[in-house]
Amino acid sequence: MASNTKGLVYLGEFDVIVVGAGHAGIEAAAASARLGARTGLFTLGLDGIGNMPCNPSIGGTAKGHLVREIDALGGVMALAADATTLQSRMLNRGKGPAVHSLRAQIDRQAYHRFTKEYLERTPGLCIKQAEVVDLLLENGRVKGVCTRLHGFYGAKAVVLCTGTNLAGKIFVGDASVASGPDGQHAAALLAESLRAAGLPMRRFKTGTPARVHRRSIDFSVLERQPGEEPPEPFSFLTPPGGVKNQVDCFIAWTNPATHEVIRQNLHRSPLYGGAIEGVGPRYCPSIEDKVVRFADKDRHQIFVEPCGPDTEEMYLQGMSSSLPEDVQIAMYRTIRGFEHIEIMRPAYAIEYDCIDPQALRHTLESRAVAGLYGAGQFCGTSGYEEAAAQGLLAGANAALAVLGRPGLTLPRYTSYLGTLVDDLVTKGVMDPYRMMTSRSEYRLTLRQDNADERLTPIGRKFGLVDDGRWAAFEKAMEIKAAEEKRLASTAVRAADLNAVTAKEGLPPVEKGGTAAQLLRRPELAYRHIAAVIGPGEGVDGRMAGRIATEIKYEGYIARQQRAIREAKRLESQPIPENFDYAPLEGLRLEAREKLQKLRPADIAAAGRIPGVSPADIAVLSVAVAAASAKAKREGETKG
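Residues numbered from 1 in each chain as written. Predicted model: local features only at pLDDT ≥ 70, side-chain atom pairs only at ≥ 80, totals over all residues. Heavy atoms only, no water.

### Observations regarding the packing of aromatic side chains
- Tallied over the entire structure, the rule returns 10 aromatic pairs.
- Measuring from ring centre to ring centre gives 6.4 Å for F114 and Y118, while their planes differ by 25°; the resulting arrangement is stacked. Here Y118 and F114 lie together in helix α4 (residues 108–120), a separation of 4 residues that amounts to about one turn.
- Between F219 and F250, the ring centres sit 4.8 Å apart and the planes meet at 50°, which makes this aromatic pair tilted. A residue pair is termed long-range when its members are at least 10 positions apart, and F219 in the loop between β13 (211–213) and β14 (223–225) and F250 in strand β15 (residues 249–253) qualify at 31 residues.
- Counting every residue linked through ring pairs, the aromatic cluster contains F14, F42 and Y153.
- When the ring centre of W253 is taken as reference, the NZ or CZ atom of R299 above it lies at 3.6 Å.
- Looking at R439, its charged tip hangs above the ring of Y433, at a distance of 4.1 Å from the centre. (Phe/Tyr/Trp six-rings, centres within 6.5 Å; stacked < 30°, edge-to-face > 60°. Helix = DSSP H or I, 4+ residues; strand = E, 2+ residues; numbered from the N terminus. Lys NZ or Arg CZ within 6 Å of the ring centre and 35° of its normal.)

### Thoughts on the sheet that holds β13
- The strand order across the open sheet built from 6 strands is β14-β15-β16-β17-β13-β18, with neighbouring strands paired in antiparallel fashion. With partners counted over all chains shown, the strands left at the sheet margins are β14 and β18 (343–345), one partner each. Across the sheet, the mean angle separating the axes of adjacent strands is 35° when strand polarity is ignored.
- Both β13 and strand β17 (residues 313–317) contribute to a ladder of 3 bridges, which runs antiparallel. Bridge pairing in β17 places V212 opposite M314. (Pairing = 2+ DSSP bridges. Axes fitted to C-alpha atoms, helices over the stretch in contact; angles between N-to-C directions.)

### Things to note about the sheet that holds strand β19 (residues 348–355)
- Taken together, the 4 strands give an open sheet; going across it, the order is β11-β10-β19-β12, and neighbouring strands pair in antiparallel fashion. Edge positions in the open sheet fall to β11 (175–178) and β12 (201–208), since each of these has one partner strand only. The average angle at which neighbouring strand axes cross in this sheet is 25°, direction not considered.
- Summarising the sheet, strand β10 (residues 169–172) and β19 pair through 3 bridges and their orientation is antiparallel. Among the inter-strand pairings, F171 is bridged to a residue of β19, identified as A349.

### Concerning the layout of surface pockets
- In this structure, the second largest pocket encloses a volume near 900 Å³.
- Every residue lining the second largest pocket is counted, 34 residues in all, and those nearest its centre are R93, E232, G541, R542 and G545.
- Of all the elements in the fold, those that place two or more residues in the lining of the second largest pocket are α16 (526–533) and α17 (541–552).
- At 8 residues, α17 tops the list of elements feeding residues into the lining of the second largest pocket.
- Partitioned by chemical class, the residues of the lining of the second largest pocket number 14 nonpolar, 7 polar and 13 charged. (1 Å grid on protein atoms, 1.4 Å probe; cavity = no way out; pocket = protein on both sides within 12 Å on 5 of 7 lines; lining within 4 Å. Points joined across faces, edges and corners; volume = space filled by probe spheres on them. Nonpolar A, V, L, I, M, F, W, Y, C, P; charged D, E, K, R; others polar.)

### So, the nonpolar core
- One finds I17, I58, V158, V159, L194 and L417 to be the most contacted residues of the largest nonpolar core, which totals 104 residues.
- Here the element with the most residues in this core is helix α10 (residues 384–402); it accounts for 11 residues. (Core = buried A, V, L, I, M, F, W, Y, C linked by side-chain atoms within 4.5 Å. Buried < 20%, exposed > 50% of the residue type's maximum accessible area, 1.4 Å probe, protein only.)

### So, the environment of D353
- Considering the arrangement of structural elements, one finds D353 in strand β19.
- Take D353: its relative accessible area is 4%, and that puts it in the buried class.
- Once the C-alpha coordinates of D353 and Y413 are considered, the two residues, 60 residues apart in sequence, prove to be 31 Å apart.
- Among residues more than four places away in sequence, those in contact with D353 are L166, A167, A191, R195, M201, R202 and R203.
- Within the structure, the side chain of D353 is placed 3.0 Å from the side chain of R195, a separation counted as a polar contact.
- A distance of 2.9 Å separates polar atoms of two side chains, one belonging to D353 and the other to R203. (Contact = heavy atoms within 4.5 Å. Polar contact = N/O pair within 3.5 Å; in protein donor to acceptor, adjacent residues only side chain to side chain.)

### Structural notes on helix α13 (residues 467–489)
- Along its 23 residues, α13 runs 33 Å from first to last C-alpha, staying within 8% of the 33 Å computed at 1.5 Å per residue.
- Sitting at the amino-terminal end of α13 is D466, which places a side-chain oxygen 3.3 Å from the backbone nitrogen of G468. (Expected span 1.5 Å × (residues − 1).)

### Observations concerning unusual backbone geometry
- The amide bond that connects E229 to the next residue, P230, takes the cis arrangement and shows omega of -10°.
- With phi around 70°, A62 is a residue other than glycine that occupies positive phi space.
- Secondary-structure assignment places A62 in the loop between β3 (57–59) and α2 (63–72).
- The phi dihedral of D182 is positive, around 55°, even though this residue is not glycine.
- Here D182 shows up in the loop between β11 and α5 (188–196).

### Let's talk about a positive patch on the surface
- Taken together, the side chains of R559, R562, R565 and K568 present a region of like positive charge at the surface.
- Looking at the element boundaries, R559 is found in helix α18 (residues 554–571). (Patch = residues over 30% accessible without salt bridge, like charges linked within 9 Å, V, L, I, M, F, W, Y side chains within 5 Å. Areas by Shrake-Rupley, 256 points an atom, 1.4 Å probe, with all protein chains shown as cover. Salt bridge = Lys/Arg side-chain N within 4 Å of Asp/Glu carboxyl O. Lys, Arg positive; Asp, Glu negative; His and termini not counted. Charge placed at Lys NZ, Arg CZ, Asp CG, Glu CD.)

### Considering the state of the cysteines
- By the definition in use, this model includes 0 disulfides.
- Unpaired in this structure, C161 has its nearest cysteine sulfur neighbour in C379, at a distance of 8.0 Å.
- The buried category is assigned to C161, whose relative accessible area is 5%.
- In this structure C249 is not part of a disulfide, and its nearest cysteine sulfur, from C307, lies 10 Å away.
- The class of C249 is buried, set by a relative accessible area of 1%. (Disulfide = S-S within 2.5 Å.)

### Observations concerning the pattern of salt bridges
- Taken as a whole and judged by the stated rule, the model has 47 salt bridges.
- When the shortest N-O distance is used, the salt bridge between R293 and D289 registers 3.3 Å. Here D289 and R293 lie together in helix α8 (residues 287–293), a separation of 4 residues that amounts to about one turn.
- A salt bridge links R588 to E590; its shortest N-O distance comes to 3.6 Å.
- A relative accessible area of 35% means that R588 is categorised as partly exposed.
- Of the residues examined, E590 reaches a relative accessible area of 36% and is grouped as partly exposed.

What follows is the structure in structure tokens.
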């Protein structure tokens, strides 16, 4: 880390500098500029803005929730996804509404063009193609960045969104090369400077499948996977019908012959040969890892997905690998429909540097370096959606700090984003973190359909939500409230309802009631009620489903709300930043060490730290209350 600018040329000044223009960097830069901070976005290449080096899709299980939350806070990802959707499907329809998650196949190049133009048109945001190789520090605080071309830019805050470029290294068989994804060069010098500064860095790994030529696939023997009709958009601002299904996806399967090719060549895999040092994602293993770990399975699913309407590249989701190219060819050609496969881009594994996220605060600011923030894979996560969500939070907090305003932190019960960040900074990660619905204890409350109701008021309070979005939100809430009132007060006769449901073969209801009472029945949907009393004014399909869910699950939601109130109570017991844990003999040594290191903001956060038991929390709660009472008495005495 540089402490002076000798030999460097001063090139300008920003309030906030964002390093990296992937999904985290896009949201960080846009959020910072939206709040009024003069923002610089530095990227290794302008043509890499919004790149999708792995799967050309947005959303998925739990990830779709994050996209909706980003949108509710005024972010970019949902708008970009809706503008470039090729196919849309709602996952987990057969399960409860808490785990319904939207996923869209994306036109990869169109997504890049959309996000690049969006940023170019953002007031207060300056985009620069330059490699940041060092940070300028002064008295433990960020003062700017240095570039590879011997320039320096001043800044009051810096957000690192380096993705897999930070000391990136590509592996294909016994070949390895310093590189970022898709042939971008690796940010090796910046990685060295961060390690030299003593930041707790670690090495992670991820991978991506091959891209193959469309003409080399026999689609007639694959399982067709059409989009869902009508397709649902991500953004609360996109009207019904705003996205269209344009393509089909397909499903193929590996077989015992595929697995045998892999087993015979495991010695040529850098993953099993020891060349790869980084820890890979637990929930997205390579195909060779699947074959070893799940030896009892005789086949694994492969999703064949287009990268765009104007390219012949097809993405083989589910078959990431670091095996040599000749083995990849042999492996793929054992699969039905792939017998004549043409690989356009081989599969590869990539190692990269990231920080131990326990070194960050809930604002995603470094505990050690004031004004330094992180987001995305730099913080130990995987996935575009996790990166974008963190980017929005980090960029907003960097700008808020520069502007002298309170920071934005999201408790677990507000959002998947809050859960994600809390998991990172309190529990840490041993492998790349992936968001899953099971990670949230409040998932029935944190559904994707109500992200605006949960987060748009917060975004508005902090200045992230503009007038247009706020007006649309207020209108939606008016429609929702009016329809809930109508359903609760409108009587429905059993005979009228049975005349509708009999057409679908549903069992008849014995007696009528209010529309809301009848809608609680599991077999009845909003459309059945609307067929009798008419649809509510302004109620579209999304809103209808949301209202029905809240009526059907009212009791369960009320139970979660009680748990949330208890969490809020514990959060109302703040722990002073300089609280001394050493004298508390009732705390076990492990708990004392972890509390001293992580410095939780309140009792609730302390209770979520691994190794801190309920008994430790009881001792800590009493001690904090006593310290607060003592401080209050001393203040009154001085006064």
